[in-house]
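# Residue-level structure breakdown
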Amino acid sequence: MPHHSPHPPSTIPVIDISQPSHHVARHVLDAASTHGFLYIKNDGVTIPPDDIAAMFKLSNDFFHAPKEQKAEYAIHSAKAGGTNRGWVSMQGEALDPAGQKQGDPKEAFNIAPPQPTLQPLPAPFSSNTALITRFQTSCHALCTRILSLLGTALQVPDQQYFSTRHDHSHGHSGTILRMLYYPKTLMPGNEASEGATSIRAGAHSDYGSLTLLFRLPGQAGLELQTSAGWIPVPVNPNEEDMVEPPILVNIGDLLCYWTNGMLKSTVHRVTFSGGEERYSMAYFCHPLDDVELTAVPSRTIDEFGEKGKEELMSQKRRLGLSEHGSDEVITAKGHLDRRLKLTYGI
Ligand SMILES: O=C(O)CCC(=O)C(=O)O
Ligand SMILES: [Fe+2]
């Protein structure tokens, strides 16, 4: 067979993790180290499709509320419960500060895990806290299962190494559920730009350890960066044989550090033409604040050797870390604070 581009979109696998085994664990690790992206088959139980649909409905209602109402719960404000919580306005953040002049044309609303109750929320989130909490809990349960599979495949002696370090009952973390809204950007009467695509979320890698991404059928636009250029990540890669779209999972910066670059924190972005609005939801799973991101004890990583070095170095360059040397120990909180500073200037 002729050699094609290294990672055509169809090669991001859809993995069924309902029967965990060494084979399944290996499959998850392979995808995480080759692409940094994988799909998990939605078994209809782990994250109930009705909850996903209900969350999208809340998002739709919230983002269509008057601007003044949303602005009351501005990101980082006391009213919104503090740092990294609340509403991000259009162009309120730049995910690729070096590569873009203006902020991303999108809005967002960040919801932290209950501690033990949810942060102060505007309508309609405020009257749906049971749904939101259930959704967060099921997202976290899925992340824990994926982290356990990674522990198995990496042959970490303590197979719950990752999952216990993400256990919210043991402390605070940067975990955040983010509702995203990309409004129409076309002005009426400006049909000339109808077909023009624009960047709606700048090129970036995610800050946490794992991200779960929920999108709606027909609302494509996510692309990931490969050596062959930007490739699209479809909402549903196997339209015919699946009722529920699978859940997209990607590896964030922290798992890249933790595995000496074996797991890839792949750069991605969102582009589409401005004529339609788009919704997505991301569950950014983070380790507990004081977790140190030194390489985990793992035979698999030892055997992988220096092959992850380039991945790790390119990530450090992206974050402007290279000048601090490669031995600096970073904590989960230290890393998040650095990224938030770059994104928001706080
Ligand atoms: O909206 C999307 O599809 C992706 C958003 C994203 O990558 C992010 O918010 O980190
Ligand atoms: Fe992202």
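Residues numbered from 1 in each chain as written. Chains lettered and ligands numbered in written order. Predicted model: local features only at pLDDT ≥ 70, side-chain atom pairs only at ≥ 80, totals over all residues.

Looking at an unreviewed UniProt entry, one finds the protein chain named Clavaminate synthase-like protein, with Decorospora gaudefroyi as its source organism. The UniProt entry for the protein chain carries this comment under Sequence similarities (unreviewed entry): "Belongs to the iron/ascorbate-dependent oxidoreductase family." (UniProt positions renumbered as here; feature names shortened; annotations may be inferred.)

## Structural notes on the overall build of the protein chain
For the protein chain, the helix and strand inventory stands at nine helices and twelve strands. Going through the 346 residues of the protein chain one by one, you find that 41% of them count as buried. (Helix = DSSP H or I, 4+ residues; strand = E, 2+ residues; numbered from the N terminus. Buried ≥ 20, exposed ≤ 12 C-beta atoms within 10 Å, placed from the backbone.)

## Notes on the site of ligand 1
Close to ligand 1 lie Leu180, Ala201, Asp206, Leu213, Arg215, Leu222, His268, Val270, Ser280 and Ala282. Contributions of two or more residues to the shell around ligand 1 are made by β7 (210–215), β11 (268–273) and β12 (278–285). Here the residues of the shell around ligand 1 sort into six nonpolar, two polar and two charged. (Near = placed C-beta within 6 Å. Nonpolar A, V, L, I, M, F, W, Y, C, P; charged D, E, K, R; others polar.)

## Section: the environment of Asn110
Relative to the helices and strands, Asn110 is located in strand β4 (residues 107–111). Between the C-alpha atoms of Asn110 and Arg299, which are 189 residues apart in sequence, the distance is 37 Å. Excluding anything up to four places from it in sequence, Asn110 contacts Ile75, Asn84, Arg85, Gly86, Ile176 and Arg178. (Contact = placed C-beta atoms within 7 Å.)

## Here's the deal with the packing of helix α2 (residues 49–63) against helix α4 (residues 129–153)
At a closest axis distance of 10 Å, the pairing of α2 and α4 adopts a crossing angle of 125°. Judged by the inter-axis angle, α2 sits oblique to α4. For the pair α2 and α4, the sense of crossing is left-handed. Listed contacts from α4 to Asp51, Ala54 and Met55 of α2 are Leu131, Arg134, Phe135 and Ser138. Within the contact of α2 with α4, the residues separate by chemical class into four nonpolar, one polar and two charged. (Axes fitted to C-alpha atoms, helices over the stretch in contact; angles between N-to-C directions. Parallel < 35°, antiparallel > 145°, perpendicular 65-115°, else oblique. Left-handed = near helix turned anticlockwise from the far one by under 90°.)

## As for the nonpolar core
If you look at the biggest cluster of nonpolar residues, it comprises 83 residues, and the most contacted ones within it are Val28, Leu38, Ile146, Leu150 and Leu212. The leading source of residues in this core is α4, at ten residues. Beyond its immediate stretch of four places on either side in the chain, Val28 contacts Ile15, Leu38, Ile146, Leu149, Leu150 and Ala153. (Core = buried A, V, L, I, M, F, W, Y, C linked by C-beta atoms within 7 Å.)

## Quick word on the pairing of strand β5 (residues 176–182)
Of all seven residues making up β5, five are buried, and the element is well covered by its neighbours. Pairing analysis gives seven bridges linking β5 to β12, with the strands arranged antiparallel. Residue pairing across strands places Tyr182 opposite Arg278, the latter belonging to β12. (Pairing = 2+ DSSP bridges.)

## Some remarks on the environment of Ser18
On the secondary structure map, Ser18 appears in the loop between β1 (14–15) and α1 (22–34). In this structure Ser18 comes out as exposed when scored by C-beta crowding, with 12 C-beta atoms within 10 Å. For Ser18 and Asn42, which are 24 residues apart along the polypeptide, the C-alpha to C-alpha distance reads 9.2 Å.

## Examining the sheet that holds strand β2 (residues 37–40)
Spatial strand order, β1-β2-β10-β7-β12-β5-β4-β3: eight strands in an open sheet with mixed pairing. In the strand order of this sheet, the two ends are held by β1 and β3 (86–88), each with one partner. One ladder, built from four bridges, connects β7 with strand β10 (residues 247–251); its direction is antiparallel. Paired with Leu210 across the two strands is Ile251, which belongs to β10. Packed on one face of the sheet, α4 meets β2, β4, β5, β7, β10 and β12 and runs near 130° to β7.

## Some details on the sheet that holds strand β8 (residues 222–226)
Pairing within the open sheet is antiparallel, and its four strands lie in the order β6-β11-β8-β9. Only two strands of the sheet have a single partner each, and these edge strands are β6 (197–204) and β9 (229–232). Going across the sheet, the axis of each strand differs from the next one's by a mean of 30°, ignoring polarity. As defined by bridge partners, β8 adjoins β11 across three bridges and the pair is classed as antiparallel. If you follow Glu223 over to β11, its bridge partner there is Arg269.

## As for the pairing of β11
Across a regular strand the side chains alternate sides, sitting on one face of the sheet and then on the other. The pairing of β6 with β11 spans five bridges and is classified as antiparallel. The residue bridging Thr197 from the neighbouring strand is Ser273, located in β11.

## Comments concerning the packing of α1 against α4
Packed helices, taken two at a time, are described by the angle between their axes plus the distance between the axes. Close contact between α1 and α4 brings their axes to 8 Å; oriented N to C, the two are set at 95°. On the basis of the axis angle, α1 is roughly perpendicular to α4. Between α1, through His22, Val24, Ala25, Arg26, Val28, Leu29 and Ala32, and α4, the contact on the second element is made entirely by Ile146, Leu149, Leu150, Thr152 and Ala153. Along the lines of polarity and charge, the residues of the contact of α1 with α4 split into nine nonpolar, two polar and one charged.

## A word on helix α8 (residues 309–318)
What α8 keeps buried is the set Glu311, Leu312 and Lys316. Seen end-on, α8 carries its buried residues on one side only, within an arc spanning 130°. Seen from the open side of α8, the exposed residues pointing more than 90 degrees away from its buried face are Glu310 and Arg317. Tucked inside the fold, the buried residues of α8 contact α6 (253–258). (Arc of directions from axis to C-beta.)

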